[in-house]
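# Observations on chain architecture
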Amino acid sequence: GIKVLQDYICDSENLPTAMICKYQIVNTENENFDNASVGLYFDWDIVNSLTNRIEYDATRRLAYIYNTGDIGLYGGICLLTNGNATPYAFEIGDKSQSINIKDDFNDEQKWIAMNQARPASTTDNIDLAMMLSSSRTRIAALDTTEVAFAVLAAENLHELTLAADKAIALYNEKY
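All residue numbers refer to position in the chain's written sequence, counted from 1. The predicted origin of the model limits local features to residues at a pLDDT of at least 70 and limits the giving and counting of side-chain atom pairs to 80 or more, whereas totals for whole chains, interfaces and linings rest on all residues. Side-chain numbers here rest on the full set of heavy atoms in the structure, without hydrogens or water.

### Structural notes on the pairing of strand S6 (residues 74-79)
- Within S6, six of the six residues are buried, which leaves it mostly tucked inside the rest of the structure.
- Side chains Tyr74, Gly76 and Cys78 project from S6 onto one buried face, and the interleaved Gly75, Ile77 and Leu79 project onto a second face that is buried too.
- DSSP calls a pair of strands paired once it identifies at least 2 bridges connecting them. Each helix is a run of DSSP H or I of at least 4 residues and each strand a run of E of at least 2, with the numbering of both proceeding from the N terminus. Counting the residues in the hairpin turn of strand S5 (residues 62-67) and S6 gives six residues.
- As paired strands, S6 and strand S9 (residues 144-154) are joined by six bridges and run antiparallel to one another. Residue pairing for S9: Tyr74 is matched across the bridge by Ala154. Categorising residues by exposure relies on relative accessible area from a 1.4 Å probe, with only protein chains included: less than 20% of the type maximum marks a residue as buried, more than 50% marks it as exposed, and the intermediate range marks it as partly exposed.

### Focus on the pattern of salt bridges
- In the sections that follow, a salt bridge refers to a side-chain nitrogen of Lys or Arg positioned within 4 Å of a carboxyl oxygen of Asp or Glu. Applying the stated criterion across every chain yields a total of six salt bridges.
- The partner of Glu146 in a salt bridge is Lys22, and the shortest N-O contact between them spans 3.8 Å. Note that Glu146 is positioned in strand S9 and Lys22 in strand S2 (residues 18-27), a separation of 124 residues in sequence.
- Judged by its relative accessible area of 22%, Glu146 falls in the partly exposed class.
- The residue Arg60 makes a salt bridge to Asp165 at a minimum N-O spacing of 2.7 Å. Linking Arg60 in the loop between strand S4 (52-57) and S5 with Asp165 in helix H2 (residues 157-174), this pair joins segments that are 105 residues apart in sequence.
- Accessibility expressed as a relative area gives 22% for Arg60, which makes it partly exposed.
- A relative accessible area of 32% means that Asp165 is categorised as partly exposed.

Next comes the structure, spelled out in structure tokens:
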């Protein structure tokens, strides 16, 4: 009962280190979906997967990962549309304090990750992945809702937050 239409917007002049991912979620059913969640999952490995950390900037609704070593690269996902932003930091391995997705990532685990925030990694020297979701979204019968994210990269946290701010402003202005 759900159809997803996706569009990617790259604006090298205004967003040189980001792209906007827009999703039109179409409810083709004659009943409401009162508790829908839409999320993006990324398994970033920045320089060395064992020296990465995940954190969350609630003000910007920006989940980000960075390398704690000498090369400080950053990657992030920012929710641009209204909705409950739910970040989830996965720790992939036997020492994991998160949902263990090492062998499987089933529907129940996906639902938990999209609806129960875990905004930061807590274990060092472990592979990481992250998800940012717009959770508990209502999609009325035979209606469409839009969910949009910015996918960002930068050399430091300051540049990443500037890119997120630009993406938020551009999305609000043009889309």
